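Each chain, written out:
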Amino acid sequence: MECIRIENYINGEFVTSSLNTMDVKSPSDGSTIASVVLSTKDEVEQAVQAAKIAQKDWKKLSYKQRAKFFFKYLVLLEENREVLSVCIQSENGKSILDANAEVDKAIELCEFACSIAQDDVHAISEVSTGITCSEQRRPLGIVSSISPFNFPIMVPHWTVLNAIMMGNAMILKPSEMTPISAQHMARLFKEAGFPDGIFSVINGGKDAVEAICDHEDIKALSFVGSTPVAKIVYKRATNNLKRALCLGGAKNFLILTPDAEPKMAVSDIIASFSGMNGQRCMAASVLVAVGNCDHIISQVVDAVKEISNDENLAPVISNAAVTNLNTYMEKAQNNGAKILVDGSQYKTNKKGYYTAPSIIDYREGGTMEKEEVFGAVLEIKGASSLEEALREQNNSPYGNGTSIFTQSGRVSEDAVRELEAGMIGVNIGIPVPREPFSFGGIKDSKFGYGDITGKQSLNFWSDLIKVTTKYSGENKIDWMS
Ligand code: NAD
């Protein structure tokens, strides 16, 4: 693949600059596929100035007028599904099927953005005789979205579309490890006819994020990434009196009961922890077996050994990620756990960043780390009762997703009532809500109020203005006749 230079997209143009750059590596073979510019506060300032001008007119359009641009963009997304998928695969390494699924999700998110025009009809009510109260949403102005490497198309589509649909101008800061997809996104925005300056892409890392957090004209930001960085960004943005919603990492629990339907449980558990190499914030990390679930666990272990081959495995994002996962396996062994499948032993002649799924068993001893691993590692714990299993989950500092596998309605209802996570599933490995339901965790998986997608996101990207109206019925109106 030809090595391309990834520039910023400001005021409807890709801006050539002499900024420092960083190499973007292909996870599949380690080659350099691009160099990405590392922006500073000057480039953020340029994007803000362009956004300021563009947003003045954009905010005056009605939802229906804005929706027309999104309908065009939706068609373009559909037409460019293959191009976008290949791009995601080249920079992130995920399989083409996972990349297709990511673009399909972006399409669904765009359908939701289009629907806002039809659905966000505001309340109006006569609150006492002759007096009405009504609500209007107002855009915030210039806003920003900072995204991680693992979903270079989906996560920007969580935030960019709804924010712009609500009348804001948006500055996207993609992950410096996967910045190519955002260039395609910018091209499609241009082709769909969005006014220049309404959508900008600022590339870079920490410096660019800090400049966004500090810029007083940027009124709100969303962040998606690891918990330590989410905390830093949330503190910095809110310290600057900005509205912020920062989604962090996760360690998601699946609770398995002996009465779970075995076929469904086995395939969902495997897909949840090993799909996309575990690089999903909703991937299963811990399986808590209530009582004896050996008949299911043994099938999971056998099947995972089967899939660990060159044909099935996609790479992880970097060499550092491989080292991190392999070190985790060593630590687990040293901590007294039993290793049921050791992905760190996987050998391949491929040049990229490869490791295989692992399964660690703590049922007979060993201490599990509380922190996120962010890779295909399933850690099994035992519990003698449902209450004990729920306690295990609720002791986790994270609260993104969790699921229970059972055929009992009563057991699932008890669990759903008690589990501490933002997104809960019953008999489903990855309980991601679909539009118009919102996405977002709790505890250390999210800082800030509200959710990042669906109806909840509309509140985040706008102010709700309340209007109270009273007219005197006494005055004679003669200018109408
Ligand atoms: P990351 O935290 O390293 O980076 C995220 C973004 O923050 C990037 O754009 C990066 O440039 C920027 N950044 C990195 N360090 C920074 C610093 N010190 N100051 C300011 N900005 C900084 O995350 P990642 O490795 O790209 O993505 C993986 C992580 O994202 C995992 O922890 C995963 O669980 C999480 N994630 C969470 C969700 C969710 O919905 N909760 C979704 C996807 C990914």
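If you're wondering where the values come from, they're calculated on a predicted model, not measured in any experiment. (Residues numbered from 1 in each chain as written. Predicted model: local features only at pLDDT ≥ 70, side-chain atom pairs only at ≥ 80, totals over all residues. Heavy atoms only, no water.)

1. Quick notes on the site of the ligand
The ligand sits among 26 residues. The nearest are Lys173, Glu176, Ser226, Gly248 and Glu372. Here an oxygen atom of the ligand sits 2.6 Å away from a polar atom, N or O, in the side chain of Glu176. Within the side chain of Glu372, a nitrogen or oxygen atom sits 2.6 Å from an oxygen atom of the ligand. For the ligand, the protein covers 89% of the area, taking 850 Å² as the surface of the free molecule. When contributions to the shell around the ligand are tallied by element, the ones reaching two or more residues are helix 7 (206–214) and strand 11 (218–224). (Near = heavy atom within 4 Å. Polar contact = N/O pair within 3.5 Å; in protein donor to acceptor, adjacent residues only side chain to side chain. Areas by Shrake-Rupley, 256 points an atom, 1.4 Å probe, with all protein chains shown as cover. Helix = DSSP H or I, 4+ residues; strand = E, 2+ residues; numbered from the N terminus.)

2. Details of the sheet that holds strand 19 (residues 401–405)
In space, the 7 strands of this open sheet follow the order 15-16-17-14-13-19-20, with mixed pairing throughout. Of all strands in the sheet, those with a lone pairing partner are strand 15 (338–341) and strand 20 (423–426), marking the two edges. Strand after strand, the sheet turns through a mean of 20° between neighbouring axes, direction not considered. Where strand 13 (residues 252–256) lies against strand 14 (residues 284–290), 5 bridges are found, and the strand directions are parallel. Opposite Ile255, over in strand 14, you have Val288 as the bridge partner. Contacts from helix 9 (residues 262–274) reach strand 13, strand 14, strand 16 (358–361), strand 17 (377–383) and strand 19, with the element oriented near 170° to strand 13. (Pairing = 2+ DSSP bridges. Axes fitted to C-alpha atoms, helices over the stretch in contact; angles between N-to-C directions. Contact = heavy atoms within 4.5 Å.)

3. Describing the domain arrangement of the protein chain
Entries for the protein chain in the domain assignment read domain 1 (4–248 + 445–467) and domain 2 (252–426). Computed over C-alpha atoms only, the centres of domain 1 and domain 2 are separated by 32 Å. The interface of domain 1 with domain 2 comprises 19 residues on the first partner and 16 residues on the second. Taken together, the two surfaces of domain 1 and domain 2 that pack against each other cover about 1,400 Å², and 62% of this comes from carbon and sulfur. Its largest share of buried area at the contact with domain 2, domain 1 owes to Pro27, Phe149 and Ser445, together 34% of the area lost on that side. Counting every contact that joins domain 1 to domain 2 gives 0 salt bridges. (Domains from an automatic or database assignment. Buried area = accessible area lost by both parts, 1.4 Å probe. Salt bridge = Lys/Arg side-chain N within 4 Å of Asp/Glu carboxyl O.)

4. Some remarks on the packing of helix 3 (residues 81–92) against helix 4 (residues 96–119)
Helix packing geometry: the angle between the two helix axes and the distance between the axes. Contact pair helix 3 / helix 4: the axes reach a minimum separation of 8 Å and the direction vectors enclose 125°. Regarding the angle of helix 3 to helix 4, the classification is oblique. Where helix 3 crosses over helix 4, the two elements pack in a sense that is right-handed. Where helix 3 abuts helix 4, its residues Arg81, Glu82, Leu84, Ser85, Val86, Ile88 and Gln89 lie against Ile96, Ala99, Asn100, Glu102, Val103 and Asp104. Here the contact of helix 3 with helix 4 is composed, by residue class, of 6 nonpolar, 3 polar and 4 charged. (Parallel < 35°, antiparallel > 145°, perpendicular 65-115°, else oblique. Left-handed = near helix turned anticlockwise from the far one by under 90°. Nonpolar A, V, L, I, M, F, W, Y, C, P; charged D, E, K, R; others polar.)

5. Section: the sheet that holds strand 4 (residues 21–25)
Strand order in the open sheet made by the 3 strands is 1-5-4, with mixed pairing throughout. Of all the strands in the sheet, the pair left with one neighbour each is strand 1 (4–6) and strand 4. Across the sheet, the axes of successive neighbouring strands diverge by a mean angle of 30°, strand direction being ignored. Both strand 1 and strand 5 (residues 32–37) contribute to a ladder of 3 bridges, which runs parallel. Residue pairing across strands places Ile6 opposite Val36, the latter belonging to strand 5.

6. Digging into a nonpolar patch on the surface
A cluster of nonpolar side chains, Val86, Ile96 and Leu97, forms an exposed patch at the surface whose accessible area comes to about 280 Å². Mapping Ile96 onto the fold places it in helix 4. Overall, the relative accessible area of 32% leaves Ile96 in the partly exposed class. (Patch = residues over 30% accessible without salt bridge, like charges linked within 9 Å, V, L, I, M, F, W, Y side chains within 5 Å. Buried < 20%, exposed > 50% of the residue type's maximum accessible area, 1.4 Å probe, protein only.)

7. Focus on the nonpolar core
Core analysis: the largest hydrophobic core is formed by 87 residues, its most contacted members being Tyr73, Ile164, Phe194, Phe199 and Leu221. A per-element tally of this core places helix 4 first, with 11 residues. Inspection of this core shows a minimum of three residues originating in each of domain 1 (4–248 + 445–467) and domain 2 (252–426). Ignoring any residue separated from it by four or fewer positions in sequence, one finds Leu221 in contact with Ser144, Ile146, Ile212, Cys213, Val233, Ala237, Lys242, Arg243, Ala244, Leu245, Cys246 and Phe460. (Core = buried A, V, L, I, M, F, W, Y, C linked by side-chain atoms within 4.5 Å.)

8. Some details on the pairing of strand 7 (residues 131–139)
Alignment of strand 6 (residues 124–128) against strand 7, held across 4 bridges, turns out to be antiparallel. Bridge pairing links Ser128 to Ile131 in strand 7. Joining the antiparallel neighbours strand 6 and strand 7 is a turn of 2 residues, in which Gly130 adopts a positive phi near 80°. In the sheet, strand 7 pairs with strand 23 (residues 462–470) via 9 bridges, with the strands oriented antiparallel. Its bridge partner lying in strand 23, Ile131 is registered against Lys470.

9. Let's talk about the environment of Ser62
If you trace the backbone, Ser62 turns up in the loop between helix 1 (41–58) and helix 2 (63–79). Residues Ser62 and Asn312, spaced 250 residues apart in sequence, show a C-alpha to C-alpha distance of 48 Å.

10. A look at the pairing of strand 13
Buried residues dominate strand 13, accounting for 5 of its 5 residues. Burial along strand 13 is two-sided: Asn252, Leu254 and Leu256 and Phe253 and Ile255, pointing in opposite directions, are all buried. Taken together, strand 13, helix 9 and strand 14 form a β-α-β motif whose crossover is right-handed. Examined bridge by bridge, strand 13 and strand 19 share 4 bridges and lie parallel to one another. When the bridges of strand 19 are listed, Phe253 appears paired with Thr402. (Right-handed = clockwise from strand over helix to strand, strands pointing away.)

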